[in-house]
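Now for the letters of each chain:
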Amino acid sequence: MKMPKDFLFGAASASYQVEGAWNEDGKGLSNWDVFSKIPGKTFENTNGDVAVDHYHRYKEDIALMAEMGLESYRFSISWPRIFPNGTGEVNEKGLEFYNNLIDECLKHDIVPFVTLYHWDLPQALEEKGGWKNKETVDAFVRFADTCFQSFGDRVNHWITFNEAVIFCSLGYLTGAHPPGIEGDVKGYFQTTHNVFVAHARAVELFKQNGHTGEIGITHVFNPAFSIDDAEENKFAEMHANAYATHWFYDPILKGEYPEYVVNGLSEQGLLPEMTEEELDVLKRTAPMNDFIGLNYYSPQRVMKNDSALVMAGGRENSTGRPGNPSFDGVYKTVKMDDKVYTKWDWEISPEAFLAGMHMLKDRYGDVKIYITENGLGDVDPIVDGEIMDTPRIEYIEGHLRAVKHAVQQGINVAGYYAWSVIDLLSWLNGYKKQYGFIYVDHNNGLARKKKQSFHWYKEIIATRAEDL
Ligand code: BG6
């Protein structure tokens, strides 16, 4: 089988991870510009000041994407480039950059798939309470509106937020991302709610203003599976899926929160502050979501937590250190002997990917799905000057095959975006952890070079994955 004609083969990036030009052309500070400069916060204190200089080299990069046959490019818009202070005056130079980027994509017949928020919050808003402050919600809606109005004539695919679970949990539970707060469980749930409301209001505005095209949200997809059939571990699985998946997907796709989590949070006094109006906007916009974006890298294997430990949850905290407990101590994620892991201890499982997509279909029906990220973080071998990233090819091949099976089994997957199109800054792992089809030589003026996977993906796209 060939993948359907309108299925989009793409690849992705995010503004802070590729652009650089952190203080050029009127851009304001983002929370990451500030956080990454606090000593010890990132691997070898790397930051995105220059990143891979996509801001200046986007033409060269898009030409390479075109050469690969890429059908769609998912990138994000840096909010502080458009609104240096988060709100207030628009920075025309910021709009100009994204206008140019979009036009360059279209020149090469590459469909731009735009993420509005991939974690680089204007620092001015972070300082006023960030996502805990509901004024950030109003500011986001204004930013979204500006982007719809400025780019909506050419952009037909919009993602409001990338991975709320990560920026909220790492921001407020583990402190690994800005604003660097640890153990604020209530704050964590409040920020997730505020983000869902911001999403819903942006979706409503998009529809009310008659913009054409699709709008949705991208979530981490980290389905939990019990390590065995023991009742207590099955319970851990149910609990993990409720807190890590249903809490995030239900308010978007069903317009209400999962009862199990609401009850649990109420008992512990952790339920976010929610107004009737906010609950209403979630309810009435649920049917307006055109798709859900899934970022899938690995599943979580869970079991009952038998220690007194309580730690923050989320994938970043499940990197294979055996027995990583969940934020509430009910379950823990474990590394299993019979599973395969990356160098960073993320499990590789196309089988769990497919099984997880069926879990979603069972709960949410035929909602359209885009795989908005999937890929392998690795240290690529260089042999005689060539970047031989065979493990990446194998990883993507396995997962694309799972997508193909999903489509054959009636799951509505409309596109696949590998992470990432080009080697870029991994938030906490610097430039060491590579994901791209295009290599960037940090010892040679950031020169680009095609990897083995570049040629492989080109062939996959050209044949519409017929041979997978
Ligand atoms: C996702 C993010 O969490 O995973 C990306 O949307 C990120 O921005 C990717 O780079 C891989 O994570 P990491 O930590 O390996 O860079």
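Reference entry: report on the structure contained in this document. (Residues numbered from 1 in each chain as written. Predicted model: local features only at pLDDT ≥ 70, side-chain atom pairs only at ≥ 80, totals over all residues. Heavy atoms only, no water.)

## Observations concerning the overall build of the chain
(1) Moving on: Counting its regular elements, the chain contains 15 helices and 16 strands.
(2) Moving on: Taking 2.2 N^0.38 as the reference for a compact globule, 468 residues should give roughly 23 Å; the C-alpha atoms of the chain span a radius of gyration of 21 Å, in line with that estimate.
(3) Moving on: Structurally, the chain occupies a C-alpha span of about 55 × 50 × 45 Å along its principal axes.
(4) Moving on: For the chain, buried positions account for 62% of its 468 residues. (Helix = DSSP H or I, 4+ residues; strand = E, 2+ residues; numbered from the N terminus. Rg over C-alpha atoms; globule rule 2.2 N^0.38 Å. Buried < 20%, exposed > 50% of the residue type's maximum accessible area, 1.4 Å probe, protein only.)

## Regarding a nonpolar patch on the surface
(1) Moving on: A grouping of Phe-235, Met-238 and Tyr-260 is seen on the molecular surface, where their side chains present a nonpolar patch of about 260 Å² in accessible area.
(2) Moving on: Among the secondary structure elements, Met-238 is positioned in helix α10 (residues 231-253). (Patch = residues over 30% accessible without salt bridge, like charges linked within 9 Å, V, L, I, M, F, W, Y side chains within 5 Å. Areas by Shrake-Rupley, 256 points an atom, 1.4 Å probe, with all protein chains shown as cover. Salt bridge = Lys/Arg side-chain N within 4 Å of Asp/Glu carboxyl O.)

## Topic: the site of the ligand
(1) Moving on: Inspection of the region around the ligand gives 17 residues, with Gln-17, Glu-163, Ser-426, Lys-433 and Tyr-435 positioned closest.
(2) Moving on: Asn-162 is positioned with one of its side-chain polar atoms (N or O) 2.9 Å from an oxygen atom of the ligand.
(3) Moving on: In the environment of the ligand, an oxygen atom lies 2.5 Å from a nitrogen or oxygen atom belonging to the side chain of Glu-163.
(4) Moving on: Isolated, the ligand exposes 370 Å² of accessible area, and the fraction of that covered by the protein chains is 98%. (Near = heavy atom within 4 Å. Polar contact = N/O pair within 3.5 Å; in protein donor to acceptor, adjacent residues only side chain to side chain.)

## Details of the layout of surface pockets
(1) Moving on: Computed from the structure, the largest pocket encloses a volume of approximately 200 Å³.
(2) Moving on: Lining of the largest pocket is provided by Lys-134, Val-137, Asp-138, Asn-194, Val-197, Arg-201, Glu-204, Thr-275, Glu-277, Glu-278, Val-281 and Arg-284.
(3) Moving on: Of all the secondary-structure elements, those providing two or more residues to the lining of the largest pocket are α7 (134-151), α9 (185-208) and α12 (276-285).
(4) Moving on: Grouping the constituent residues of the lining of the largest pocket by class yields 3 nonpolar, 2 polar and 7 charged. (1 Å grid on protein atoms, 1.4 Å probe; cavity = no way out; pocket = protein on both sides within 12 Å on 5 of 7 lines; lining within 4 Å. Points joined across faces, edges and corners; volume = space filled by probe spheres on them. Nonpolar A, V, L, I, M, F, W, Y, C, P; charged D, E, K, R; others polar.)

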